[in-house]
Amino acid sequence: MNSDKYKIRKWAKEDFSALAKHLNNKKIWDNCRDGLPYPYTEDNAQQFISLVLSQKEQNNFCIEVNGEAAGNISFDRGTDIERYNAELGYWLAEPYWGRGIATQMLSQAVSSYFRQTDVVRICANVYAGNKASMRVLEKIGFRKSGILRKAFYKNGAFIDCHSFELLKEEFTDLNKK
């Protein structure tokens, strides 16, 4: 695995074509919230990048592979009594699945997010059939905190949600081992 060929970085205006190309994939959409448009167009990509560039706190990281935007890692900060929590979401372009890229990039993004914020807990929700995503989370130190039965309604069916969490004091950046 050559980590020189991939990295996390801030999104740039020039990324919209690559974002639209890679995110316009039903297999990715099937594992994301319905708020993500499908089909995913260049207009959707431009709107997303404009939004991300206007945010004060960096909570979206572009995954770059071979010089091209090929995924996203996001942190959705909680409010009120959950203000020290964030929900993690991520996707990676299908050609790069199964190569360990998501694991390495998530570890870097989580490390950066913990360093730059006062968040003490990150959670992630994974659809029951997405075993690869569950393995990625476990590899970087997330622990399964439960299964919420029939918690989500996706593609015309109720599905279970596997909940994961990671506390700041328990996190060890894989890239520093």
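All of these numbers come straight from a predicted model, not from anything done at the bench. (Residues numbered from 1 in each chain as written. Predicted model: local features only at pLDDT ≥ 70, side-chain atom pairs only at ≥ 80, totals over all residues. Heavy atoms only, no water.)

K.L.:
Which parts of the structure should I look at to understand the packing of helix H1 (residues 16-23) against helix H3 (residues 42-54)?
P.N.:
Packed helices, taken two at a time, are described by the angle between their axes plus the distance between the axes. H3 packs onto H1 with a crossing angle of 120° between their chain directions and a minimal axis gap of 8 Å. Of the possible angle classes, the one that applies to H1 and H3 is oblique. The handedness of the crossing between H1 and H3 is right-handed. For the pair H1 and H3, contact is made by Phe 16, Ser 17, Leu 19 and Ala 20 and by Glu 42, Ala 45, Gln 46, Phe 48 and Ile 49, respectively. Per-class residue counts for the contact of H1 with H3 are six nonpolar, two polar and one charged. (Axes fitted to C-alpha atoms, helices over the stretch in contact; angles between N-to-C directions. Helix = DSSP H or I, 4+ residues; strand = E, 2+ residues; numbered from the N terminus. Parallel < 35°, antiparallel > 145°, perpendicular 65-115°, else oblique. Left-handed = near helix turned anticlockwise from the far one by under 90°. Contact = heavy atoms within 4.5 Å. Nonpolar A, V, L, I, M, F, W, Y, C, P; charged D, E, K, R; others polar.)

K.L.:
What is the right way to look at the sheet that holds strand S7 (residues 157-167) in this model?
P.N.:
Hydrogen bonds between backbone groups are what pair the strands of a sheet, and the pairing can be parallel or antiparallel. Strand order across the open sheet formed by seven strands is S1-S2-S3-S4-S5-S7-S6, with mixed pairing between neighbours. Each edge of the open sheet carries a strand with a single partner, namely strand S1 (6-9) and strand S6 (143-154). Across the sheet, the mean angle from the axis of one strand to that of its neighbour is 25°, orientation sign disregarded. Examined bridge by bridge, strand S2 (residues 60-65) and strand S3 (residues 68-77) share six bridges and lie antiparallel to one another. Note on S3: the bridge partner recorded for Val 65 is Glu 68. Each of S3 and strand S4 (85-92) is contacted by H1, which is oriented at about 85° to S3, the strand it contacts most. (Pairing = 2+ DSSP bridges.)

K.L.:
In this structure, what is going on with the packing of aromatic side chains? I would like to understand it.
P.N.:
What characterises a pair of aromatic rings is the spacing of the ring centres plus the angle enclosed by the ring planes. The tally for this structure, following the rule as stated, stands at seven aromatic pairs. Judged by centre distance (6.0 Å) and plane angle (85°), the ring pair of Phe 61 and Phe 75 falls under edge-to-face. Linking Phe 61 in strand S2 with Phe 75 in strand S3, this pair joins segments that are 14 residues apart in sequence. For Phe 61, a relative accessible area of 3% gives the class buried. Between Tyr 127 and Phe 152 the ring centres are 5.4 Å apart and the planes differ by 70°, which places this aromatic pair in the edge-to-face class. Taken together, the positions of Tyr 127 in strand S5 (residues 121-127) and Phe 152 in strand S6 put the pair 25 residues apart, joining distant regions of the chain. Here the two residues Tyr 127 and Phe 152 agree in accessibility, since each one is buried. Pairwise contacts between aromatic rings join Phe 61, Phe 75 and Tyr 113 into one cluster. Sitting above the plane of the Trp 29 ring, Lys 154 keeps its charged end 3.3 Å from the centroid. (Phe/Tyr/Trp six-rings, centres within 6.5 Å; stacked < 30°, edge-to-face > 60°. Buried < 20%, exposed > 50% of the residue type's maximum accessible area, 1.4 Å probe, protein only. Lys NZ or Arg CZ within 6 Å of the ring centre and 35° of its normal.)

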